[in-house]
Amino acid sequence: MLNLKRALVALTCLAAMTAAVAMAGPAQVMDPGHAKPGATKKAGKSAATGPDCSACHSCAAPTHANPCLQSCQRHGAQFKGQHGSSEGPEIVIIDQLANLYGPVVFAHKLHAQMSDMTGGCTNCHHYSPATGAVPPCRQCHEPTRAASDLRQPALKGAYHRQCINCHLDWNHDNACGFCHEQAADRKGADPKASAAHDPTDIVGTRHPLIKAKPTYTYKTTEPTGPMVTFHHEDHVEKFGLRCVDCHRGDTCASCHDTGSGKEKRALDHVTTCGACHAERNCAFCHSGDSKPQFDHRLSTGWSLEPYHARIACSTCHGEPQAFRTPSRQCTSCHIHWAEGSFDHKLTGLKLDDNHSELECANCHLEMNFAAKPQCTDCHDEAMFPAKLPGSRVPRR
Amino acid sequence: MVTRRDFLKLSGAAAGTAALAATGAVASSGSTSKLDPARVGVLTDLTLCIGCRRCEWACAQQNQLPYGPLESCDDQSLLANARRPDAEHYTVINRYPAPTWREQPLDVKVQCMHCEHPACVSACIVGALEKNPMGPVTYDPWKCIGCRYCMVACPFQIPAYEYHNALTPKVMKCTMCPERTLEKQQLPACAEICPREAILFGRRDELLELAHERLSQHPDRYHPEVYGEHEVGGTSWLLIADRPVTECGIPELSDQSPAALTETIQHGIFRGFSGPLMIFGLLSVLMKSSTDRRRREDWDGEDQRDGEDKHG
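Rules behind the numbers
Residues numbered from 1 in each chain as written. Chains lettered and ligands numbered in written order. Predicted model: local features only at pLDDT ≥ 70, side-chain atom pairs only at ≥ 80, totals over all residues. Heavy atoms only, no water. Helix = DSSP H or I, 4+ residues; strand = E, 2+ residues; numbered from the N terminus. Buried < 20%, exposed > 50% of the residue type's maximum accessible area, 1.4 Å probe, protein only. Contact = heavy atoms within 4.5 Å. Areas by Shrake-Rupley, 256 points an atom, 1.4 Å probe, with all protein chains shown as cover. Phe/Tyr/Trp six-rings, centres within 6.5 Å; stacked < 30°, edge-to-face > 60°. Pairing = 2+ DSSP bridges. Axes fitted to C-alpha atoms, helices over the stretch in contact; angles between N-to-C directions. Buried area = accessible area lost by both parts, 1.4 Å probe. Salt bridge = Lys/Arg side-chain N within 4 Å of Asp/Glu carboxyl O. Polar contact = N/O pair within 3.5 Å; in protein donor to acceptor, adjacent residues only side chain to side chain. Expected span 1.5 Å × (residues − 1). Core = buried A, V, L, I, M, F, W, Y, C linked by side-chain atoms within 4.5 Å. pLDDT = per-residue confidence, 0-100. Patch = residues over 30% accessible without salt bridge, like charges linked within 9 Å, V, L, I, M, F, W, Y side chains within 5 Å. Lys, Arg positive; Asp, Glu negative; His and termini not counted. Charge placed at Lys NZ, Arg CZ, Asp CG, Glu CD.

Asker: Explain the overall build of chain A here, please?
Answerer: When helices and strands are tallied, chain A shows 13 helices and 9 strands. Burial statistics for chain A: of 396 residues in total, 22% are counted as buried. Of the contacts formed within chain A by residues at least 6 apart in sequence, a portion of 55% connects residues at least 24 apart. Summed over all atoms, the accessible surface of chain A reaches about 27,000 Å², with 58% contributed by carbon and sulfur.

This is the structure we're talking about:
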C-alpha cells in the first residue's frame, strides 16, 4: 500500500515536470488519484483547454488557504526572461555570507559565456519571472539556514551546490581556496581590488591548465617566406609572457566549440607580435623553412652556459614589454665585482695565497673570462692538472 | 539425590521457558517506545559531499578536540586511507574511488549513528550512556566507570576511549550537539558548516520523507535505499548515496538491534520478577523434596535398625 502511494506521488511529480519542461501549452488538470502511466504522456500534448496548474501546484484543487505550491523548479522550467550572456554584469562580488572566508569574486561574464555552450543562463538562474529582471539568489534562498526548511537550501548551500556541480565535473577539485580567500588574509584589503583585473583577460583568469603545443608552424601566403614557426613554449617559459599579453580579447568561443563551430580568431600579427618585435623585418618570422628554437649563443654570440642559463631572461633584459640589452661587461650587472673584492670561490676554485695576490688580467688575458687561463701562459712547465692555482670548492 | 548437573539443567530450562514466553512482548515494548515522535535526526546526502572535511574541523572546534587552521582541511592526502573516528575525531570523511572515470568518488562521513535502540546504551551497566527521547545518544562521564562495554557492543565500532588519559579517561563519540540542537535551536556544528547542505538536520520522520522523495525523484542519481531507516532497528543518522553504502565502509547489518536479543532474554527473565521467583520456587521445591526424602530414608533406616535390634 505504501509502495503504491509512493509510486503515485512519483508519477504525479513526473507529470508535473514533463508538463513544465515541455512548456508546450497548458496541460489538463491532473488528479493524482487517477494518474496513469498513459495519461502522463498525453499531459504535455493536450490542447489549450486551460492553464497548467501542475506547473506550480502540487495538488489538483489548490485553494487560497492551501495553495500547495511547488518549490522552485530547476532546469529552466520557470525562466521566462530573455537575456544574452553579454547582458549580465562583468563581475559579481558575493559577500553576503563572508565569515570564515572573504568575499568571492565571481567572474560572471566568463561563466555566462561558458554557459552559452551548454544550457545558457538557466544553468544557474533556474527561476526568473517573465517581467524580465533576474531575481537575486537571496530572494528565495535565505542567508541564514533554518532547521525547519529542508527542501530549499539556504544561500550558502545554494551557492555551493550550484558552483561545485560544474567545478567537480571540470577538474575534480574541491579546494575551497579555488574560489575563496581566507577571511584573515583579507583584513583591510578592498574586495574590489582583486576584482579590478583586466576584464578582457580570458585566459589570464583562473582557468584549468591549457595544454598548448610547444611549437606552431603556420603556412602563410607570404611569397618570399611562407613558413612561420612560432615557439609558443619559448614565449611562455623562457620569455615569461603571460597569456593575456598575446591573447587579449579572446573569448571562450575562441577555443571551445559552441555548437556552431569554433570562432576562429583572426590574429592581428602586426599588433600582437609587433608589440615586441616592432623593429624586426618580415624575414624575422617568415622563412622558407621551419626555424629552430631560440638559442642565445647562436643569435647573440654569447653563450649562457653554465651560470647565466639558470636565470630568467627578465633578470638581465627586463620585462618583455620593456626589453633592454645589457652591456657585455660583467661589472655592468655584477656591480660588486671590483678588482680585489671579487670572491674567486664563486667559480668553484679558491685561489691560493700566491695567486690571490695577482690582478685578474694577469691570468685572464685581456680580461677574456670566457676562455680558460692556461698555466703555460705564465709557467714554463706544464702544471695542470697535477697542480692548480688553488683548491676546488663546491660551486654555488 | 539432585546432582549439580541436574540442577543447572533444570534452572536453564526454566530460564529458557520464561524468556520464550516473554519474547514478543518485550521486543516490541523495548526502549524505542520512549522515543519522542518529533525526535530529531540527521540525513547525510553523500552524493552532495565533496570531502572538504570542514565538518571534521567544525566538530573538533565545537567539542574542544584538537584542530588546526581551517586550511589544514584542504589536505586531501588523508582521504587516501580509510580512517575511523577516535578519541580526537568524532567524525571522519573517507573517500571511496569512483567505479568508473565518468563518475565521482564517494566521500563517506562516519560518526555515531545515534541508533534508535542503541546497543551501547543496553551494554552500559551504569547508565552513563542514554538514549535521549529526542534522538541523541548522550554520554555522562561522571557515571562512566570505564568498562568500555559500549565499545564492544557498538555494531558500528564508534565509541573511542581516551587511552592516553591516565586519570580521567572518557568514552569519546559524536554527541549530535544536543547543546546546540535541543537547547538553542541551532544546527549541529557539522551541518552548519557543510557548504553544500549535504548534512541536513531535522525531524527524523521529515528527513526520511525527504530522503525517499529524493530517491524517487532522481532514481538515476541514488541507490534506492535509505541506510539507517531499518538497520539495527533504525538510526537517527540516515545516509543516502549513489551506491550501496555497505560497499563503502558502512557495515551491513540486520534490521534488528543487537541489543534486542540480549534484552529480550534479560528482561524476559526478570519480567514481573517471574524468573527469580521461578528459580527460587524450583529451588525450594527441590530442597524440600530432597530433605523429605532424606528424612524418609532416615526413618526407614531407623525402622530397619529397630527390627534388627528386635530380631537380634
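Asker: So what exactly am I meant to see when it comes to the overall build of chain B here?
Answerer: Check the secondary structure of chain B and you find 9 helices and 9 strands. Among the 312 residues that make up chain B, the fraction classed as buried is 45%. Here the contacts in chain B between residues at least 6 apart in sequence split such that 60% fall between residues at least 24 apart.

Asker: Can you walk me through the packing of aromatic side chains in this structure?
Answerer: Summed over all chains, the structure comprises 4 aromatic pairs over all chains. An angle of 15° between the planes, with centres 6.5 Å apart, marks the rings of A:Tyr216 and A:Tyr218 as stacked. Using a relative accessible area of 42% as the deciding quantity, one classes A:Tyr218 as partly exposed. Look at B:Trp57 and B:Tyr67: their rings are 5.7 Å apart centre to centre, the planes differ by 85°, and that puts the pair in the edge-to-face class. Placement of B:Trp57 in helix H2 (residues 54-62) and of B:Tyr67 in the loop between H2 and strand E2 (92-96) is noted, with a sequence separation of 10 residues between them. Residue classification places B:Trp57 among the buried residues on the basis of a relative accessible area of 10%. By relative accessible area, B:Tyr67 is classed as partly exposed at 44%.

Asker: Help me understand the sheet that holds strand E8 (residues 199-203) of chain B in this model?
Answerer: As a general point, the strands of a sheet are linked pairwise by backbone hydrogen bonds and lie either parallel or antiparallel. Residue and element names in this part refer to chain B. Spatially, 3 strands are ordered E8-E1-E9 in an open sheet, and the strand pairing comes out mixed. Looking at which strands have only one partner, the edges of the open sheet turn out to be E8 and strand E9 (237-240). Across the sheet, the mean angle separating the axes of adjacent strands is 25° when strand polarity is ignored. Two elements, strand E1 (residues 40-45) and E9, share 4 bridges in a ladder whose sense is parallel. Looking across to E9, one finds that Val42 is bridged to Trp237. Across the sheet, helix H7 (residues 204-217) lies against E1, E8 and E9, angled at about 130° from E8, the strand it touches most.

Asker: What's the story with the pairing of E2(B) in this structure? I'm lost.
Answerer: Across a regular strand the side chains alternate sides, sitting on one face of the sheet and then on the other. Residues and elements named next belong to chain B. With 4 of its 5 residues buried, E2 lies for the most part within the structure. By the bridge criterion, 5 bridges tie E2 to strand E3 (residues 106-110) in an arrangement that is antiparallel. Bridging across to E3, Tyr96 finds its partner in Leu106.

Asker: Looking at this model, I keep getting lost on the side chain of B:Arg54. Mind explaining?
Answerer: With respect to the helices, strands and loops of the structure, B:Arg54 is situated in helix H2. The residues contacting B:Arg54, other than those within four sequence positions of it, are A:Tyr101, A:Cys176, B:Leu70, B:Cys73, B:Asp74 and B:Ile193.

Asker: It is not clear to me how the pairing of E3(B) should be interpreted in this structure. Could you clarify?
Answerer: The element E3(B) is extensively covered by neighbouring structure, given that 5 of its 5 residues are classed as buried. Residues B:Leu106, B:Val108 and B:Val110 line one face of E3(B) and the alternating positions B:Asp107 and B:Lys109 line the opposite face, and both faces are buried.

Asker: Can you walk me through the interface of chain A and chain B in this structure?
Answerer: You'll often see interface size given as the accessible area lost when the parts meet. Across the contact, 24 residues belong to chain A and 34 residues belong to chain B. The largest per-residue losses of area from chain A upon contact with chain B belong to A:Arg145, A:Leu150 and A:Arg161, which jointly make up 30% of the total buried on that side. Counting every contact that joins chain A to chain B gives 2 salt bridges. With its nearest N and O atoms 3.7 Å apart, the salt bridge here joins A:Arg151 to B:Glu209. Applying the counting criterion to the chain A and chain B interface returns 8 residue pairs in polar contact (both at pLDDT 80 or more). Residue assignment for the side of chain A that touches chain B shows that the elements contributing at least two residues are helix H1 (2-22) and helix H4 (155-171) of chain A. Counting residues per element, the side of chain A that touches chain B draws most heavily on H4(A), which supplies 8 residues.

Asker: Help me understand the pattern of salt bridges in this model?
Answerer: Any two side chains of opposite charge can pair, so long as their charged atoms come close to each other. Residue and element names in this part refer to chain B. Across all of its chains, the model carries 15 salt bridges over all chains by this definition. The salt bridge partner of Glu56 is Arg53, with a shortest N-O separation of 3.3 Å. What makes Glu56 buried here is its relative accessible area of 8%. Residue class for Arg53 comes out buried when judged on its relative accessible area of 7%. Between Lys288 and Asp292 there is a salt bridge, and its shortest N-O distance comes to 3.3 Å. Of this pair, Lys288 and Asp292 both sit in helix H9 (residues 274-311), separated by 4 residues, roughly a single helical turn.

Asker: Sorry if this is basic, but what is going on with helix H8 (residues 258-270) of chain B here?
Answerer: Spacing of three or four residues puts side chains on the same side of an α-helix, whose turn is 3.6 residues. Between its terminal C-alpha atoms H8(B) stretches 19 Å, which fits the 18 Å expected from 13 residues at 1.5 Å a residue. Burial in H8(B) covers these residues: B:Ala259, B:Ala260, B:Glu263, B:Thr264, B:Gly268 and B:Ile269.

Asker: Explanation requested: the nonpolar core in the structure shown.
Answerer: Most often, soluble globular proteins keep nonpolar side chains buried together rather than apart. Counting 42 residues, the largest nonpolar core has B:Val108, B:Phe156, B:Ile199 and B:Trp237 as its most contacted members. Taken together, the elements giving at least two residues each to this core come down to E1, H2, E2, E3, helix H6 (189-193), E8 and E9 of chain B. Ranked by size, the runner-up nonpolar core spans 12 residues in total, among them A:Leu150, B:Leu207, B:Leu208 and B:Ala211.

Asker: Before we go on, may I ask you to explain H2(B) in this structure?
Answerer: Residues and elements named next belong to chain B. Of all 9 residues in H2, 8 are buried, a share of seventy percent or more. Within H2, the full set of buried residues consists of Arg54, Cys55, Glu56, Trp57, Ala58, Cys59, Ala60 and Gln62. Where H2 is buried, its residues touch E2, E3, helix H5 (178-184), H6 and E8. Following H2 by one or two positions, Gln64 has its phi on the positive side, about 55°.

Asker: Would you take a moment to explain the sheet that holds strand E5 (residues 215-219) of chain A for this structure?
Answerer: Residues and elements named next belong to chain A. The strand order across the open sheet formed by 3 strands is E5-E6-E7, and the pairing between neighbours is antiparallel. Strand pairing shows two members of the sheet lacking a second neighbour, E5 and strand E7 (286-287), which therefore form its edges. Across 2 bridges, strand E6 (residues 227-231) lies against E7 in antiparallel orientation. Considered in E7, the bridge of Met227 is made with Ser287.

Asker: Is there a simple way to explain the confidence of the model for chain A in this structure?
Answerer: When pLDDT drops low, the exact placement of atoms in the prediction is not to be read closely. All names here are of chain A. Confidence in the prediction of chain A, expressed as mean pLDDT, is 70, and 64% of residues score 70 or more. Mean pLDDT values over the elements of chain A span from 35, in helix H2 (residues 37-43), up to 90, in E6. Note on residues 7-50: pLDDT is under 50 here. Beyond four places in sequence and across chains, it has 44 contacts. Ignoring residues within four places in sequence, the model shows residues 184-200, a span with pLDDT below 50, making 22 contacts including any to other chains.

Asker: Please explain unusual backbone geometry as it appears in this structure.
Answerer: With the exception of glycine, most residues fall at negative phi, and the peptide bonds are largely trans. Residue and element names in this part refer to chain B. Despite not being glycine, Gln157 shows a phi value in the positive range, around 55°. Within the secondary structure, Gln157 sits in the loop between helix H4 (149-153) and strand E6 (160-161). At Gln185, a residue that is not glycine, the phi angle is positive and equals roughly 60°.

Asker: Could you clarify how one ought to interpret a positive patch on the surface in this entry?
Answerer: All names here are of chain A. Taken together, the side chains of Arg310, Lys372, Arg392 and Arg395 present a region of like positive charge at the surface. Along the polypeptide, Lys372 turns up in the loop between helix H13 (360-363) and strand E9 (390-392). Judged by its relative accessible area of 73%, Lys372 falls in the exposed class.

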